[in-house]
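Commentary on secondary and tertiary structure
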Amino acid sequence: MSVVVCKELVKRFGATVAVDHVNVEIQDGEFMVFVGPSGCGKTTTLRMIGGLETVTSGDIFIDGVRVNNLAPRHRDIAMVFQNYALYPHYKVFDNIAYPLRLRKRPKAEIEERVNTVARMLGVQHLLDRWPRQLSGGERQRVALGRAIVRNPKLYLMDEPLSNLDAKLRVQMRREIIHLQRNLGTTTIYVTHDQVEAMTMGDRIMVMRAGKVQQIGAPEVLYNHPANLFVAQFIGSPAMNAFKGRLETDDGKIVVATEFGRFPVGDPLVARLKPDRSPTLGAREVICGIRPEDITLDDAPVTPASPQAQVDLVEGLGADAYVSLTIGGTTLIARTPADCPPAENQLVTIHLNPNKLHLFDPITEETLLALP
Amino acid sequence: MTATAEVVTSSSETASRENIWRSIVREIRENHFPYLLLIPSILCFAALVIYPLVNTMIGAFSKTDTVGRAVEFGALINFRELVRDRYILNITIQTVIFVFGSVALTVVLSLPLALILNQRFPGAALARALLLMPWAAPLAISAMTWRWIFHDQLGALNYVLNTLNITQARTAWLSDPVLAFICVIFVEVWSSIPFMTIMFLAGLQSIPPHIYDAAKMDGANAWHEFWDMTLPQLKRITIIVTLLSIIWAFRSFNVIWPMTQGNPFFRTDNSVTYLYKLAFRSLAFGEGYALAFATFVFLLIFSVVYTRVLRSEEG
Ligand SMILES: Nc1ncnc2c1ncn2[C@@H]1O[C@H](COP(=O)(O)OP(=O)(O)OP(=O)(O)O)[C@@H](O)[C@H]1O
Ligand SMILES: [Mg+2]
């Protein structure tokens, strides 16, 4: 149970800035996910919080105590590593028992707690094996067991599921969430998989090149991305983005694009940041729209409505992803799979006016305030 | 009933043995080229290892002439002579002390050295290169050099000790039985440190680094990391390297012979220098063969037991 605060946290390796002025506050009992593309500094941030990496500048506080110079063993944090880092020379039992042995717990207590944890994770039949005799999923559980056998203040998990197959990953994902809810221990979880981040996190911190892009609940990140990077990183398939210009048609604001003019919903207009609101006539923007917010119909074409050609239809069971080309731009739409358009067919596209995203073309920051 | 059972087992045994032979023959016929390439090495091995070994075995159980040829079957006559030898008990004790003393000291010195060299510090590469220095010259020549260093009148050691006023006397390092024995062990250790240190270094570098991170997070301090991670991880290499060192120390000739030739009064001899004297000074080749054979058998049994015992806990 604890609160973690990073203030202006920086880590440099020689000339590389791995972590660049990160500010984040993790609440007591929260499940916080750090997500971002490979090499963006997630692991480095986590290792600094754990004490495995020195801090170049900035501060880390755990429960109000500055821990920058505290050795890991004094921080009372448990960590699950991406490669499990089981001790090859200890059997499973001793792997899980090691943190307790270091704390000089009585033998009976160690025995009991290891057994409890092993039962909880379904590895009680493996206690007498060597780590090399385990499958990836079993190793994963043992690594988890070693972390939860004691009650640390904080869990750090570095891509613990990345080596598992898709099915096991989904299952372990649920188990970890379940475990964390039961234990109520503050957890920081690193992943580069946005689906994992969305499904697991109470809140998510998106990083890119060492910098924080946005911190927020999954719905906030999905519905109100702070910039184009977050918009396209979160969600699959990625959000469509294309150039446009805010203009007015009969007093209504529209986005004018190469392939048509699309109305902007009133709720969005209301949220346009005041300093950004179009001093009408010409405001260049990058317009974003999620695949599920594009609807297609093959209704009789009126000359006014924008028409796209269907390039490819990928069925996924319930849904289908439809790739479209329209005036040199490629869009992906998501439609119910029961009546997908045929390839090479011409369709009319509608963009949900209330689900558009507008970004500054230079800074790529959002132009919309949070509702 | 029993008879039939026996017949059945033995026939199935011969059948499986035949199968093995047949599969070997088939393997060679199908893949003859690689086996063809092996022939020179097999011949060399036979000539250089098998022949002397067989010869020694035959010699150990034969009466021999003055140039070491086996002339007639002698059963255990050589071994009886060996047991009656007035020096053999001392030689055995000295050999054991020499071997285990030097190997133990080498381990004790090499491990910390390897730990230091495994750290990153300026000049680490140079230090590692310097470590190999004792290997730069043939051991027999270095041992000769050490003999001069230890010389009571002309040696560098006494010169340094006297100049620095640590001792006044000209210590007779190699004439005093105890000091001489310590000196040969010292040089044996000195010559073995590079190999063992490099093996330990290799062992240290093959330890997965992330287990130290895990241990730190689990609450380990530097001492725990060494005791709970490094040492157990070095166990395998330690078993191999100590076994090799023990075997090599048992056969060590190139230190003792150039330094003392076993003097004074056979007090620095080990089994190898002694059997050399038996054979080439006393021309008691049979006894020499017997001693060689006994050492061989002892080492064989020792190796098997040693690896079995030390490895037994691992699954
Ligand atoms: N020990 C190190 N020495 C030098 N550079 C390093 C070191 N560790 C990390 N870096 C660099 O710091 C940056 C961030 O690395 P980090 O491991 O934190 O990325 P990550 O977000 O965890 O990526 P991934 O998803 O691939 O694990 C990378 O550019 C990496 O090359
Ligand atoms: Mg990483």
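Note that the structure is a prediction, hence the values are computed from the model and not measured.

What counts, and where the lines are drawn
- Residues numbered from 1 in each chain as written.
- Chains lettered and ligands numbered in written order.
- Predicted model: local features only at pLDDT ≥ 70, side-chain atom pairs only at ≥ 80, totals over all residues.
- Heavy atoms only, no water.
- Helix = DSSP H or I, 4+ residues; strand = E, 2+ residues; numbered from the N terminus.
- Rg over C-alpha atoms; globule rule 2.2 N^0.38 Å.
- Buried < 20%, exposed > 50% of the residue type's maximum accessible area, 1.4 Å probe, protein only.
- Contact = heavy atoms within 4.5 Å.
- Areas by Shrake-Rupley, 256 points an atom, 1.4 Å probe, with all protein chains shown as cover.
- Lys, Arg positive; Asp, Glu negative; His and termini not counted.
- Charge placed at Lys NZ, Arg CZ, Asp CG, Glu CD.
- Core = buried A, V, L, I, M, F, W, Y, C linked by side-chain atoms within 4.5 Å.
- Pairing = 2+ DSSP bridges.
- Axes fitted to C-alpha atoms, helices over the stretch in contact; angles between N-to-C directions.
- Domains from an automatic or database assignment.
- Buried area = accessible area lost by both parts, 1.4 Å probe.
- Salt bridge = Lys/Arg side-chain N within 4 Å of Asp/Glu carboxyl O.
- Polar contact = N/O pair within 3.5 Å; in protein donor to acceptor, adjacent residues only side chain to side chain.
- Nonpolar A, V, L, I, M, F, W, Y, C, P; charged D, E, K, R; others polar.
- Phe/Tyr/Trp six-rings, centres within 6.5 Å; stacked < 30°, edge-to-face > 60°.

**Things to note about the overall build of chain B**
When you go through chain B residue by residue, the secondary structure sums to 13 helices and two strands. Relative to its length of 315 residues, chain B is extended, with a C-alpha radius of gyration of 26 Å against a globular reference of 20 Å. By principal-axis analysis of the C-alpha atoms, chain B measures approximately 85 × 65 × 45 Å. Per-residue burial over chain B gives 37% buried out of 315 residues.

**Details of the overall build of chain A**
Counting secondary structure elements, chain A contains nine helices and 20 strands. Judged by the C-alpha coordinates and their principal axes, chain A covers about 80 × 45 × 35 Å. Buried residues in chain A amount to 51% of all 371 residues. Intrachain contacts of chain A at a sequence separation of at least 6 include 67% that bridge at least 24 residues. For chain A, the exposed area adds up to about 16,400 Å²; of that, 51% sits on carbon and sulfur atoms. Across chain A, the mean location of the 42 positive side-chain charges is 11 Å away from that of the 42 negative side-chain charges.

**Focus on the side chain of Asn 68 of chain A**
All names here are of chain A. Position of Asn 68 among the secondary structure elements: in the loop between β5 (65–66) and β6 (77–80). Relative accessible area serves as the criterion here: at 11%, Asn 68 is assigned to the buried category. For Asn 68, the contacting residues outside a window of four places in its chain are Val 55, Gly 58, Asp 59, Ile 60 and Arg 75.

**Things to note about the nonpolar core**
Of all hydrophobic cores here, the largest spans 81 residues; its most connected members are Ile 49 of chain A together with Met 259 of chain B. Counting residues per element, this core draws most heavily on helix α8 (residues 177–205) of chain B, which supplies 13 residues. Leaving out residues up to four positions away in the same chain, Ile 49 of chain A has contacts with Val 4, Cys 6, Phe 34, Ile 60, Ile 62, Arg 75, Ile 77, Leu 154, Leu 156 and Ile 188 of chain A. Membership of the second largest hydrophobic core comes to 45 residues, among which are Leu 126, Ile 148, Ile 176 and Ile 234 of chain A.

**Brief notes about the sheet that holds strand β10 (residues 211–216) of chain A**
Residues and elements named next belong to chain A. Strands sit in the order β6-β7-β8-β3-β9-β10 across an open sheet of six strands; the sheet is mixed. Every interior strand has two partners, whereas the edge strands, β6 and β10, have only one. Taken pair by pair, the neighbouring strands of this sheet meet at an average axis angle of 15 degrees, ignoring direction. Pairing analysis gives four bridges linking strand β3 (residues 31–35) to strand β9 (residues 203–208), with the strands arranged parallel. When the sheet's bridge partners are listed, Val 33 is paired in β9 with Ile 204. On top of the sheet, helix α5 (residues 166–183) reaches β3, β7 (154–158) and β8 (186–191); it is set at about 160 degrees to β8, its chief contact.

**Describing the domain arrangement of chain A**
Note on interface size: it is often stated as the accessible area lost on association of the parts. All names here are of chain A. Here chain A is described as being made up of domain 1 (4–233) and domain 2 (240–359). Look at where the C-alpha atoms of domain 1 and domain 2 centre, and you get two points 39 Å apart. Listed per partner, the contact involves nine residues of domain 1 and seven residues of domain 2. The junction of domain 1 with domain 2 conceals about 700 Å² of combined surface from both sides, 53% of it contributed by carbon and sulfur atoms. Applying the counting criterion to the domain 1 and domain 2 interface returns zero salt bridges. Summed over the shared surface of domain 1 and domain 2, the result is three residue pairs in polar contact (both at pLDDT 80 or more). Secondary-structure elements contributing two or more residues to the side of domain 1 that touches domain 2 are α7 (218–223) and α8 (228–233). Residue classes in the side of domain 1 that touches domain 2 are distributed as five nonpolar, four polar and no charged.

**Here's the deal with the packing of aromatic side chains**
Residues and elements named next belong to chain B. A full pass over the atoms with the stated rule returns 32 aromatic pairs over all chains. Measuring from centroid to centroid gives 6.0 Å for Phe 298 and Phe 302, while their planes differ by 20 degrees, and the two rings are stacked. Of the two residues, Phe 298 and Phe 302 are both situated in helix α13 (residues 285–311); the distance of four residues between them amounts to about one turn of the helix. A relative accessible area of 16% means that Phe 302 is categorised as buried. Three or more aromatic residues joined by ring pairs make a cluster, and in this case those are Phe 100, Phe 250, Phe 298, Phe 302 and Tyr 306.

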